[in-house]
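Working through the structure, step by step
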Amino acid sequence: MDRRKALLLTAGVFGSALIGSELFLSGCTRKKEGTLLFSATDSHFLDEVGEVILPETERSPGARAAGIGQFMKVIVTDCYDEQEQRIFIKGIDQIDQLSKSIYGAGFLELDASQKHALLLKLDNEARKQSDTTPPHFFRMMKELTLWGYFTSEPGATQALRYLPIPGEYKGCIPYQTGDKAWF
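**As for the environment of Asp42**
- Relative to the helices and strands, Asp42 is located in helix H3 (residues 42-53).
- Taking the C-alpha atoms as reference points, Asp42 and Gly69, separated by 27 residues in sequence, lie 7.5 Å from one another.
- A polar atom in the side chain of Asp42 sits 2.8 Å from the backbone nitrogen of Ser39.

Set out below in structure tokens:
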């Protein structure tokens with residue numbers, strides 16, 4: 001996915017309801033079960049998935065630099081309900097098993113083009129799924145990657161134009177093709 005398409009999707013993500021948002025908005029007050037949902041290697045795995053969705057470019061760091069795997073672990077553990085957690089965790093295994101069935105190697109062992117092709121297949125599958133069914137795990141991963149990246153320090157300050165202290169209101173600012181969006 002190229003950076004422009006990711007920015008367009010970001011607007012859609014922030015403009016629509018995120019999966020698990022009702023718990024996020026209520027302060028993530030769900031009771032903890034005390035079980036460990038993620039294994040020790042899942043954060044690294046999710047960093048790699050995020051890096052395929054938002055790769056590093058000459059102009060900005062990728063999702064891995066934002067620590068997207070750890071962000072996903074926190075949000076899924078603290079804010080998703082049990083059904084969404086099961087879908088998400090099962091999705092990690094499904095990516096790896098699909099990778100093994102298509103390429104004969106685990107997802108982390110694939111080259112960049114194979115990872116991209118695999119996640120593109122999952123993205124197309126997630127788009128076809130209706131909104132009335134339980135959410136597709138890849139849709140969850142993609143939303144969390146975009147949310148986590150563009151609210152992280154590297155995403156907000158290097159991928160977007162960042163102005164920590166806004167000045168006066170300017171209703172019309174000239175835009176040049178290729179300019180970064182404002183944060």
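Alright, that's what it looks like, and here's the rest.
**Considerations on the environment of Asn124**
- Along the chain, Asn124 falls in helix H6 (residues 112-128).
- According to the relative accessible area criterion, Asn124 is partly exposed, its value standing at 37%.
- Separated by 15 residues in sequence, Asn124 and Arg139 have C-alpha atoms that sit 9.9 Å apart.

**Examining the packing of aromatic side chains**
- Per the stated rule, a full pass over the model turns up 4 aromatic pairs.
- With a centroid separation of 5.2 Å and an interplanar angle of 90 degrees, the aromatic rings of Phe71 and Trp147 are classed as edge-to-face. Placement of Phe71 in helix H4 (residues 68-79) and of Trp147 in helix H7 (residues 137-150) is noted, with a sequence separation of 76 residues between them.
- On the accessibility criterion, Phe71 (21% relative accessible area) is partly exposed.
- With 5.0 Å between their ring centres and 80 degrees between their planes, Tyr149 and Phe150 make a pair best called edge-to-face. Grouping residues by exposure puts Tyr149 and Phe150 together as buried.
- The residue whose ring lies beneath Lys115 is Phe107, and the NZ or CZ to ring-centre distance is 5.6 Å.

What counts and what doesn't
- Residues numbered from 1 in each chain as written.
- Predicted model: local features only at pLDDT ≥ 70, side-chain atom pairs only at ≥ 80, totals over all residues.
- Heavy atoms only, no water.
- Helix = DSSP H or I, 4+ residues; strand = E, 2+ residues; numbered from the N terminus.
- Polar contact = N/O pair within 3.5 Å; in protein donor to acceptor, adjacent residues only side chain to side chain.
- Buried < 20%, exposed > 50% of the residue type's maximum accessible area, 1.4 Å probe, protein only.
- Phe/Tyr/Trp six-rings, centres within 6.5 Å; stacked < 30°, edge-to-face > 60°.
- Lys NZ or Arg CZ within 6 Å of the ring centre and 35° of its normal.

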